[in-house]
Every structure is written in C-alpha cells, then in structure tokens.
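# Commentary on secondary and tertiary structure
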Amino acid sequence: MSHGRFPQTRPRRNRHDAWTRRLVAEHRLFVDDLIWPVFVRDGRDILEDVPSMPGVQRATLDRLAAHVAPARNLGIPAVALFPATPAHRKDAEGSESGNPENLICSAARLLKREFPALGLVGDVALDPYTDHGHDGVIRHGYVANDETLAVLTRQAVVQAQAGIDVIAPSDMMDGRVGAIRAALDAAGLIHTRIMSYAAKYASAFYGPFRDAVGSGGALKGDKSTYQMDPANSDEALREVAMDLDEGADMVMVKPGLPYLDIVRRVHERFGVPTFAYQVSGEYAMIMAAVERGWLDHDRAMLESLLAFKRAGAAGVLTYFAPAAARLLREV
Ligand code: PBG
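Computed from a predicted model, the values in this text were never measured in an experiment.

This next bit is on empty space enclosed by the protein. For the structure shown, the criterion picks out two cavities of 30 Å³ or more. Roughly 110 Å³ of internal volume is contained in the largest cavity. Along the walls of the largest cavity sit 15 residues, with Asp 127, Lys 200, Tyr 206, Phe 209 and Lys 254 positioned nearest its centre. A class-by-class count of the residues in the lining of the largest cavity yields six nonpolar, three polar and six charged.

What follows is the structure, given as structure tokens:
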C-alpha cells in the first residue's frame, strides 16, 4: 500500500472542511450502540445520588418507570439493571438472587409492562446479594465454582421469567454460560440471550459501582481468584472462545478504555457482537475532572465512547448513555 509523499499528498486536505471530515469518517457513534446501567433500590419514593458517580442515581421501584422513560424516549435500545439489595436481605449464599420477588425481577416485570420494546439486561452474579460481597458462595475460604453455578442458574431463570431479555453473567465462574444456557432452555426460555462478561478483569475501576450497590463495604480481599489478571490478553481469547462454545450470543470486555486492545483482539478473532463496559471508575474519573473544570464533559464523553467503536465494539454499556443519546439526537 502506497501512503503517498508530501507535498503531493497532504493528509490535511481531507480535514479542511467539516463536510469532508464527515465523508471520510470511519466510525460513528449511534444511540443504537448504547446500553444504560440502572441502579434499583428498596423503599418508596426515593431517587438518590450515588456520591462517587455524579449524575447517577438509584431509584425505588415506584420511581423506576419515570427514571427510565427519558432513556426509552431517546431511543436507547436497552438498560442493564443492578440492585442495591438491602442488608437484611443478604446472606452468605446470596439466596435473595433466586427470589422471584427480588428487586431485579420486580423491576423487570414493571419495565416490561411499561415499555415492552425496551431491552432489559440482567446482571447475573451473587455479589449484590452476599453479605461478604463476593460473586459466589465461599467454601473453605475459597469462592467455590461448581456450588456457585447452581445458584447462578436459578438467578438467571427467575430473571428471564420476570422479563429480562438478556442474561449477563458477570461472575467469572468457569462453566457458567453453559450451565445457564442449559437451565434457560430447560425452562423453555430459548429466546433469552446471553451476553457474557467473557473477559472481565480484577480491576480497581469497579469501586464506585460497589458503592452504588453496596457490595464493597464487607468485601475482604480482591476478586483475583476468579476475575482475570490485568496482565493477560491471550487468556481473554480463551475465555471468549469457551463462552461462545457454551452458547453466549454476545460477549463483553470489562473494564472498557484500559482494555481496548482486548476489544480489538476479540472482535478480530471471533467476529461476534463484542461489547465493552465503560465501568463506574472510568465514568467517575471523567466526571471528577469535569467537575473541576479540567475536561469538557460533552467532548470527553463522546470521544471516549467513539473509541469503543473504533476498537471494534458493537456497543457500550455506559453511565453516559442518556447524556450521549441527547447529544447524538441533536446532530
Ligand atoms: C458484579 C458486577 C460488578 C460490575 C458489574 N457487575 C462489580 C464487580 O465485579 O465487583 C462493575 C460495574 C462498574 O464498575 O460499573 N459482578
């Protein structure tokens, strides 16, 4: 490939006018690329701020439809639901995760009724439900893989029965995608999609999320016996390959911006719908700088989101979804 030589070739010519810049643009962010994570809490008539995530709130069920309506009206295809489970409903086994009346199932029924065409993503993992904050059950001081699978499959089935369209296992237990697929199929839920958090890293960037769902306080140690080592990249491809073999319809890389190389490799290798999660800490970093006047909110937001598309992502889970959708609709 000839790249041309100066002065015959001047790359700046194509940048001279807005209309040529638009014509030659290789990637574009659309409202259709966005999934909005939404926090649900117990109680009545509360919409409260998450302190470490400026602009992000937790809503009680009676406020949920009004909270989600703007996103639906902006055309955002799907929301991902996360519960702030009250402490008295947590235990060592995460039993509340399988309660068909838990916050997520109740939220799913309500949102499906209000907004039938809005996609609902349900996170499947035990950390919002365990009193120790880990994503699985603990046996002999270790997060036990196979015992956890039984709890996760029940969680997935009750969520799907309540109206969750996409089960998103974020727990990083081995074999969970296959176990969940089998359980969903056995329950006749053959259309329920699985978006696996296939390459999920043991990251420092989940801190604000753990504040939001209240899973960080009691957490001892980190999650590095089940979440991936940030040092690894080939291992992400093996994780993705296994999840696809087990029946994942879509895969996710998480966190987002620090792991764009993984998004790119996964997308190139497998060519399957590959999503990225711009996690709470990434959101918090941008917002903290915005609050100090060090970054421009709209430009930093849109640039960070476009980066995912450039890396090959089909879409992004982002707390910026409503704000980004609002801007994208204006242009
Ligand atoms: C639960 C889960 C976590 C996130 C999504 N699902 C936290 C964790 O694994 O500790 C993090 C999302 C974010 O930081 O925005 N397993």
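Turning next to the pattern of salt bridges. When charged atoms on two side chains of opposite charge get close, those side chains can pair. Throughout the structure, instances matching the rule amount to 17 salt bridges. Between Glu 48 and Arg 41 there is a salt bridge; the shortest N-O distance is 2.9 Å. What makes Glu 48 partly exposed here is its relative accessible area of 23%. A salt bridge links Arg 176 to Asp 171; its shortest N-O distance comes to 3.2 Å. For Arg 176, a relative accessible area of 1% gives the class buried. Here Asp 171 falls in the buried class, since its relative accessible area comes to 0%. Each of the salt bridges in this network shares a partner with another, and the network as a whole consists of Arg 41, Asp 42, Glu 48 and Arg 58.

Taken together, 19 residues surround the ligand, and among them Lys 200, Arg 210, Lys 254, Ser 280 and Tyr 319 come closest. A distance of 3.0 Å is found between a nitrogen atom of the ligand and a side-chain nitrogen or oxygen belonging to Asp 127. In this structure, an oxygen atom belonging to the ligand sits 2.7 Å away from a side-chain N or O atom of Ser 280. Protein coverage of the free-state accessible area of the ligand, which is 400 Å², stands at 100%. Secondary-structure elements contributing two or more residues to the shell around the ligand are strand S9 (193-200) and helix H6 (207-213). Split into classes, the residues belonging to the shell around the ligand amount to nine nonpolar, three polar and seven charged.

Bridge analysis of strand S1 (residues 34-41) against strand S3 (residues 57-60) gives three bridges, and the strand direction is parallel. Looking across to S3, one finds that Phe 39 is bridged to Arg 58. Two strands pair when backbone bridges link them, and strand S2 (residues 47-49) and S3 are joined in this way by three bridges, in the antiparallel orientation. From the neighbouring strand, Leu 47 faces S3, where its bridge partner is Ala 59.

A word on the packing of aromatic side chains. For the coordinates displayed, the defined rule picks out ten aromatic pairs. With 6.0 Å between their ring centres and 45° between their planes, Phe 39 and Phe 82 make a pair best called tilted. Here Phe 39 is found in strand S1, whereas its partner Phe 82 is found in strand S4 (residues 78-84), with 43 residues between them in sequence. The same class applies to Phe 39 as to Phe 82, namely buried. Taking 4.6 Å as the distance between ring centres and 55° as the angle between the ring planes, the aromatic pair formed by Tyr 283 and Phe 320 counts as tilted. Of this pair, Tyr 283 sits in helix H9 (residues 280-291) while Phe 320 sits in the loop between strand S12 (315-318) and helix H11 (321-330); the two residues are 37 residues apart in sequence, bridging distant segments of the chain. With respect to class, Tyr 283 is no different from Phe 320; both count as buried. Chaining the aromatic ring pairs together yields one cluster made of Phe 39, Phe 82, Tyr 197, Phe 209, Tyr 277, Tyr 283, Tyr 319 and Phe 320. The ring of Tyr 206 is capped by Lys 254, whose NZ or CZ atom sits 4.5 Å from the centre of that ring.

Criteria and thresholds
- Residues numbered from 1 in each chain as written.
- Predicted model: local features only at pLDDT ≥ 70, side-chain atom pairs only at ≥ 80, totals over all residues.
- Heavy atoms only, no water.
- 1 Å grid on protein atoms, 1.4 Å probe; cavity = no way out; pocket = protein on both sides within 12 Å on 5 of 7 lines; lining within 4 Å.
- Points joined across faces, edges and corners; volume = space filled by probe spheres on them.
- Nonpolar A, V, L, I, M, F, W, Y, C, P; charged D, E, K, R; others polar.
- Salt bridge = Lys/Arg side-chain N within 4 Å of Asp/Glu carboxyl O.
- Buried < 20%, exposed > 50% of the residue type's maximum accessible area, 1.4 Å probe, protein only.
- Near = heavy atom within 4 Å.
- Polar contact = N/O pair within 3.5 Å; in protein donor to acceptor, adjacent residues only side chain to side chain.
- Areas by Shrake-Rupley, 256 points an atom, 1.4 Å probe, with all protein chains shown as cover.
- Helix = DSSP H or I, 4+ residues; strand = E, 2+ residues; numbered from the N terminus.
- Pairing = 2+ DSSP bridges.
- Phe/Tyr/Trp six-rings, centres within 6.5 Å; stacked < 30°, edge-to-face > 60°.
- Lys NZ or Arg CZ within 6 Å of the ring centre and 35° of its normal.

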